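Chains, contacts and geometry: an overview
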Amino acid sequence: MFSPSISGSRSPPSRVLVPLGVGIALSLLGDSTLYTVLPKPEIANQAGVTLAMVGILLGVNRIVRLGFNVLSGILFDRFPRRWLMIGSLSIGTLSTVLYAISTGFGSLLIGRILWGAAWSGLWIGGTTVVLDVTDEENRGRLSGQFQMWFFLGIGLSAFLGGLFTDTFGFRNGLWLSALLNGIAVLMWILFLPETRTVRDKNTKVTFRTFDKSFPWRTTIFAAIPTLTIRFVYAGVMASTTILWLTDLFGEHLVLSKVAIPIVSLTGTFVALRAGTSMIGGPLAGFFSDAVGQRWLVITGSITLAAVGMWFMGGSVIFLALLGALIASTSGGGIQALIPALIGDKIDQTHFGRSLGVIYAVGDIGSALGPPLALWLIGFVSVNVIYRFSACLLLVVTCFVLYRAVSELRI
């Protein structure tokens, strides 16, 4: 067993990205299970909550991250990364255990708050670790690879969450997810290296939380597309996928006389959608590294995302499914390039706090998405909600295009 330590040089990216990515992917099992199955009324009843309560539970972890993100950014700028990451994953494991033993709204709410704290540390810390070991030549590509692990986790955990629920039941499936989370904690203790260098460690002497040197302009510009993408993808789409598929196929999809339950179908589809997102991240990162214009690549990605969401709002099944795959591929690219922008534009000593602010703004969108979407279901169809989302993406495209043109003029 090797003992990671702070050094004056970067760790090789492959030595960092593999254990980091595996741990991030496994950490999502409990959270993705809730998003996949809890909006189903029968399963919500097993958990002792109503559909309205489900909307709150799926959004509250993001509300609390508004504070936890900033705190995590400060901690990751000030202290070594490794044990903060291990602690965050341990809290995430505890949250999954709470989901498994909960019998009503209160205990599930505590679990969701704990997951909010855990994910703030995991995502801001993980992104900071990637920026530690990259430079302008490979930052887009390796940020895309990190996003690939994230979307692999989304897809795998959604698929396994649906499968575990159908096979073992809601609570037993969550216990199995908690066991896999615990294995990930052990793996990080054994294999995750420290990436914070001696130079970074020495900045603690003159550390200021948010002083005049903090890059507010760059941070806010990057936060605007993050806010929109998180609202549409992690908010609206994540909380309504099972309802959208039910509208398309009913309670079962029959293939060759085999009836696939809607819960398993939802998990499978989310896994497929996440697979296309895995392609989008590295692809967008590669192009942005090659052309050196990240805002321009983001503009194209958001435009494609809007087209995909518009197709999803239609009634033609083939076009709706194609639109979902287009939107997912584009979304993966956008989310990979925001951290790369930060890595290019600001000093390493501000990575954690800048990412903390960006993801706090993004979590405003992802927190509002589930309750707003599930509330609107009582007035309009899922299809209408998806087309409203497409229009919102087009509005933000105009801002991103302005930033791309401004960058080209420099």
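The sections below set out a description of the structure shown in this document. From a predicted model like this one, the values you see are computed outputs, not experimental measurements.

Cut-offs applied
- Residues numbered from 1 in each chain as written.
- Predicted model: local features only at pLDDT ≥ 70, side-chain atom pairs only at ≥ 80, totals over all residues.
- Heavy atoms only, no water.
- Helix = DSSP H or I, 4+ residues; strand = E, 2+ residues; numbered from the N terminus.
- Polar contact = N/O pair within 3.5 Å; in protein donor to acceptor, adjacent residues only side chain to side chain.
- Contact = heavy atoms within 4.5 Å.
- Expected span 1.5 Å × (residues − 1).
- Salt bridge = Lys/Arg side-chain N within 4 Å of Asp/Glu carboxyl O.
- Buried < 20%, exposed > 50% of the residue type's maximum accessible area, 1.4 Å probe, protein only.

Structural notes on the side chain of asparagine 181
Positionally, asparagine 181 belongs in helix α8 (residues 170–191). In terms of polar contacts, asparagine 181 uses its side chain to reach the backbone carbonyl oxygen of leucine 26, at 2.6 Å. In this structure asparagine 181 touches Leu26, Ser27, Leu29, Gly92, Thr93 and Thr96, once residues within four positions along its chain are discounted.

Points about the side chain of asparagine 61
Tracing the chain through its elements places asparagine 61 in helix α4 (residues 51–78). A distance of 3.0 Å separates the side chain of asparagine 61 from the side chain of arginine 112, its partner in a polar contact.

Examining helix α11 (residues 262–291)
Because an α-helix completes one turn every 3.6 residues, residues spaced three or four positions apart along the sequence face the same direction. For α11, which comprises 30 residues, the first-to-last C-alpha distance of 43 Å matches the rise-based estimate of 44 Å (1.5 Å per residue) to within 8%. A positive backbone phi angle near 70° is found at glycine 292, which sits one or two residues after α11.

A short note on the pattern of salt bridges
This model, assessed by the stated rule, comprises eight salt bridges. For aspartate 363, the salt bridge is made with arginine 65, and the minimal N-O distance between the two is 2.5 Å. Taken together, the residues aspartate 363 in helix α14 (residues 351–376) and arginine 65 in helix α4 connect sequence positions 298 residues apart. Each of the two residues, aspartate 363 as well as arginine 65, counts as buried. Residue aspartate 289 pairs with arginine 294 through a salt bridge whose shortest N-O separation is 3.0 Å. Overall, the relative accessible area of 4% leaves arginine 294 in the buried class. One salt-bridge network, held together by shared partners, links Arg139, Asp289, Arg294 and Asp344.

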